[in-house]
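Residue strings, one per chain:
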Amino acid sequence: MNVPGPSPPCPHLAGSWAGAMAELPIPDLPPAHCSGRFTISTLLSVEEGGRGPYTATEGSSCDSVQPTHLSSSTLCSRTFGYNTVDVVPAYEHYANSKGVGDPRKGRPSLADLHSILKVTGACSSAGMVWPSPGVCALMASSPLSPQIRCMLNIWGVILYLRLPWITAQAGIALTWLIILMSVTVTTITGLSISAISTNGKVKSGGTYFLISRSLGPELGGSIGLIFAFANAVAVAMHTVGFAETVRDLLQEHNSLIVDPTNDIRIIGVITVTVLLGISLAGMEWEAKILFFLVILVSFINYLVGTVIPATAEKQAKGFFSYRADIFAQNFVPNWRGPEGSFFGLFSIFFPSATGILAGANISGDLKDPAVAIPKGTLMAIFWTTVSYLVPALALCVPPGACVVRDASGSLNDSVAVGSPGCEGLACRFGWNFTACTQQQSCRYGLSNYYQVLMSMVSGFGPLITAGIFGATLSSALACLVSAPKVFQCLCKDQLYPLIGFFGKGYGRNSEPIRGYMLTYVIAVGFILIAELNAIAPIISNFFLCSYALINFSCFHASITNSPGWRPSFQYYSKWAALFGAAVSVVIMFLLTWWAALIAFGIVIFLLGYVLYKKPDVNWGSSMQASSYNMALNYSVGLSEVDEHIKNYRPQCLVLTGPPNFRPALVDFVGTFTKNLSLMLCGNVLIVSHLQKLVESRLMADGHTKWLTKRKIKAFYTDVVAEDLRSGVQMLIQAAGLGKMRPNILVLGYKRNWRTASPQSLEDYVGILHDAFDFKYGVCLMRMKEGLNVSQVLQAHGKWFWVARDAQRHGMCQPAPCPQTKVTVLVGHHSCAGIKGDGDSEELLLDPTTLASEHQASTIFQSEQGKKTIDIYWLFDDGGLTLLIPYLLGRKKRWGKCKIRVFVGGQINRMDEERKAIVSLLSKFRLGFHEVHILPDINQKPRPEHIKRFDELIAPFRLNDGFKDEATVNEMRQGCPWKISDEEVDKNRSLRQVRLNEILLDYSRDAALIAITPPIGRKGRCPSSLYMAWLETLSQDLRPPIILTRGNQENVLTFYCQ
């Protein structure tokens, strides 16, 4: 059935939705209702087994008629006379977000293109892979440029109220140096921000978003909290500056509300409350432009005021227009007060440079942050640098060349030039400020009066006042908006507990009203300090810490050489970024060392918390790239290191199947390999159809997360094979990397070997032979209660079993994504997920619940107390039987256990043999001091136990009556597991029976038994006989038993080289 496709929302983009791969010829179809080169021309629906355009036909390119299912709602587009599933590149294929209600859009999967195509259901227009209308249409409103926002934030309270005072303290020369140092740090940081913000799509969250997505949640989260707090404190700083100006105006007119300090508090709290209301209501673009213009007019007014001749009133306050003598005196520093030091003044000035992040903090409001942030930030740095440095002819030089440091403000202090008793530079201009200078009571002058620009060096004072109001209020508003936005992004990432409450958004724009209220409370708390010089250094340390991490983010992302680091902004240097980070840290400690320690202490504490909690986020950070680089370099370097016995480590390939099926096996190996050596959990997937291969691999991530949640430091890998043995052979040969390759095969004991299919028995014993052939050590683990807990998981509803025959007869349907259907052979306590009788069942595994399921507890997770670990070192296998219990005993849970070593010996040489073994163990430095000799190991076992062994192997006997070899081979044709009378080998079999009696006598109450098992010779020992030996050796034992056999090469040495 052919249904015309709807027109794409963007006709000019319709050509981007076709390709030339996976093509199927179809009959001519009616034209679609869409213009453009490529069109969706048909939606097809065919019944299973029916014929349609997607069914293989004669002459088609299909070579099979076996059906497959599309992994997504991918449609077929018509191009070059063909319908094709393939599509050409498009934005939506790479975007990881979509609009509310929009269908998920993506390219067809590899299975859709590679497998035989068959559509099994009706397609709907909701599945069309068209670009959203937003790609085609421009945004209706213009973006908010960060340049104006940055400049408004930089032209703040420090520029108007503190720069002349800093000039008086530090002198013109050092003031320039302070400005240049600040500009250097901000310029380098601006370049780093530009590089980071152009390396991918930037969302809301500003500086926190940039750092966290670059360095990762560990450092990003801590700096997000610090940066949001610094912005909240900056609201208080700018508000206090505004309140200070209003207080001075009231003071000039003798209209103080209470007193100078409390007036600042009252005015500040009222102001920040009004600003909160404005922030919640929203301030339009036109209002920001108005602020900007007011500040520019105040600058022009200031420049005009410097050339207007000074009146007597201005002269009484210390303003004398341009004078070379005043310039010379003010060129050098004159430190005063507790802030009278270079870095003390730098800490007060530096908050004026923090406005460079104001544009980045509104990244969520920008149409194209990758373009707007670099341009706006760098242009703002340039123009504000000009406004600070060039008007040093206007902000440093004019006050420094026009205003003396001390003045009384009294018109009565005018004297004749050259009057006796007059001291100071003002005497040359007819003013005597000697008395107030000596008493340090001068109210005016460059060093004493913060409103120098407003009262004296201006053409019209109210314009300067308007500029101060515009600068302080706009900066306070910018910080009041930035702090909640940054904090909201941090809350949504859920890196820290108890802060999610403040991340809730309200309204169409998801405004963080609760975040606004929190910022308001913090700002009010710091406004109550009512001292601008005390608030500014606090902000300086936090912002310098942010700058250091921004620069380090850029450097780290560059140095890792990750292919994903491709910023479109190229005008940056990783070494300049590193220099900027180092300078920021150095300046932090030079400003206030204790505040720097507090800032870094907070960062380290928050870093440690995130490292401990390991939040489930994946942002592709440079830390991940760095981890890969380090692992790669060390792995390659390790390949050049020669192996030595002293550095031997037991690197284990553990046949766990799905790891959560055998938690005891995982815990046992994880206990002695943790922080020591490699552990690799292997799983053999018996997949009936190759097209299920990709689906089966989806479970790997879930198993890895399960191991991580259980705190097992291990890798997970799986292979797809036709049978267990071939799959294990693949793992043995291919697992590992370089020198990081397994040397021990660990697997569970096959408890159902007597009832299992003969072929599965052959495969199991064959795996042991394969391990020895590849020079692996072998470790078998047997527990009385078994290892496989899949039946328990089934009972708890974690796993759902659907019989293969039910699906074959149509009684159940294939599971939809995200579940994965894998054919796994299962059985009671079997090995590596393989059932002995060969029957298979379909297992539906849900990856989302796998990692979150209840963790089964095992004996290896509990304290063992003062029990014993008994080692039966019966054969010299190179020392592996000793090494694994030794490593286990080093762990805290097993540390109190006493280790006993049992060896075979002769009754007439017990003392000599014991001393020899004790001497050997002491040379190995294992700390094993209790050694027991077993002289009765070769005694004949009890008759009832011999009878039990005979009954055990009876079903597997050929009963050939010691016939010749040719006759035996003919009888055993097709039954290689059968045991001939000659192969029974009574002596060796009876030895296993006797060893079991000894184990029951000596180790019934042990915490763990480690014993060296016998090795069955290939071609001479049938698999059923070998399993009978292992069964007899380890039966009826309560503690876990570890049958360990090395590869006959030394793993212990007592030499130093």
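Residues numbered from 1 in each chain as written. Predicted model: local features only at pLDDT ≥ 70, side-chain atom pairs only at ≥ 80, totals over all residues. Heavy atoms only, no water.

Per an unreviewed UniProt entry, the recorded name for the protein chain is Solute carrier family 12 member 3, and the organism is Catharus ustulatus. Its UniProt record gives the protein chain the following Subcellular location (unreviewed entry) comment, quoted word for word: "Cell membrane". What UniProt records for the protein chain under Sequence similarities (unreviewed entry) is the sentence "Belongs to the SLC12A transporter family." (UniProt positions renumbered as here; feature names shortened; annotations may be inferred.)

Draft legend 1. Here's a closer look at the overall build of the protein chain. When helices and strands are counted, the protein chain shows 36 helices and 16 strands. Contacts in the protein chain between residues at least 24 apart in sequence constitute 80% of all its contacts with a sequence separation of at least 6. Total accessible area on the protein chain stands at roughly 47600 Å², and carbon and sulfur atoms take up 58% of it. (Helix = DSSP H or I, 4+ residues; strand = E, 2+ residues; numbered from the N terminus. Contact = heavy atoms within 4.5 Å. Areas by Shrake-Rupley, 256 points an atom, 1.4 Å probe, with all protein chains shown as cover.)

Draft legend 2. Expanded view of the packing of helix α19 (residues 532-559) against helix α22 (residues 622-639). Axis separation between α19 and α22 bottoms out at 9 Å; the angle between their running directions is 35°. Once α19 is placed against α22, the crossing between them reads as left-handed. Here Phe 552, His 556 and Ala 557 of α19 come into contact with α22, specifically with Ser 622, Met 623 and Ser 626. (Axes fitted to C-alpha atoms, helices over the stretch in contact; angles between N-to-C directions. Left-handed = near helix turned anticlockwise from the far one by under 90°.)

Draft legend 3. Quick peek at the confidence of the model for the protein chain. Averaged over all residues, the pLDDT of the protein chain equals 74, while 71% of them reach at least 70. Counting interchain partners and residues more than four positions distant, the pLDDT-below-50 stretch residues 98-102 has two contacts. (pLDDT = per-residue confidence, 0-100.)

Draft legend 4. Molecular detail of the pairing of strand β15 (residues 1008-1011). Across the two faces of β15 the burial is the same, with Leu 1008 and Ala 1010 and Ile 1009 and Ile 1011 all buried. The pairing of strand β12 (residues 868-872) with β15 spans four bridges and is parallel. What sits directly across from Tyr 872, in β15, is Ile 1011. Strand direction decides the pairing type here: β15 and strand β16 (residues 1041-1045), joined by three bridges, are parallel. Bridging across to β16, Ala 1010 finds its partner in Ile 1042. The parallel pair β15 and β16, bridged by helix α36 (residues 1023-1034), forms a crossover whose chirality is right-handed. (Buried < 20%, exposed > 50% of the residue type's maximum accessible area, 1.4 Å probe, protein only. Pairing = 2+ DSSP bridges. Right-handed = clockwise from strand over helix to strand, strands pointing away.)

Draft legend 5. Quick look at the environment of Ala 483. Mapped onto the elements, Ala 483 comes out in helix α17 (residues 461-493). Between the alpha carbons of Ala 483 and Ala 230 there is a distance of 8.0 Å; along the sequence they are 253 residues apart. In this structure, Ala 483 is in contact with Ala 228, Asn 231, Ala 232 and Thr 519, ignoring residues within four places of it in sequence.

Draft legend 6. A look at the pairing of β16. Counting buried positions over the five residues of β16 gives five, a clear majority of the element. Judged from the five bridges that link them, strand β8 (residues 777-782) and β16 form a sheet pairing that is antiparallel. In the strand pairing of β16, Arg 782 is matched with Ile 1041.

Draft legend 7. Fine view of the environment of Met 181. With respect to the helices and strands, Met 181 occurs in helix α5 (residues 163-197). Assessed through its relative accessible area of 21%, Met 181 is described here as partly exposed. Along the sequence, Met 181 and Phe 350 sit 169 residues apart, while their C-alpha atoms lie 9.2 Å from each other. Excluding its chain neighbours within four sequence positions, the residues that come into contact with Met 181 are Phe 342, Phe 343, Phe 346 and Ile 587.

Draft legend 8. Examining the pattern of salt bridges more closely. Taken as a whole, this structure holds 15 salt bridges when the rule is applied. Lys 1018 is paired through a salt bridge with Asp 773; the nearest N and O atoms lie 3.0 Å apart. With a gap of 245 residues between them, Lys 1018 in the loop between β15 and α36 and Asp 773 in helix α27 (residues 758-773) connect regions that are remote in the sequence. Look at the salt bridges and you will find they share partners, linking Arg 754, Arg 782 and Glu 1031 into a network. (Salt bridge = Lys/Arg side-chain N within 4 Å of Asp/Glu carboxyl O.)

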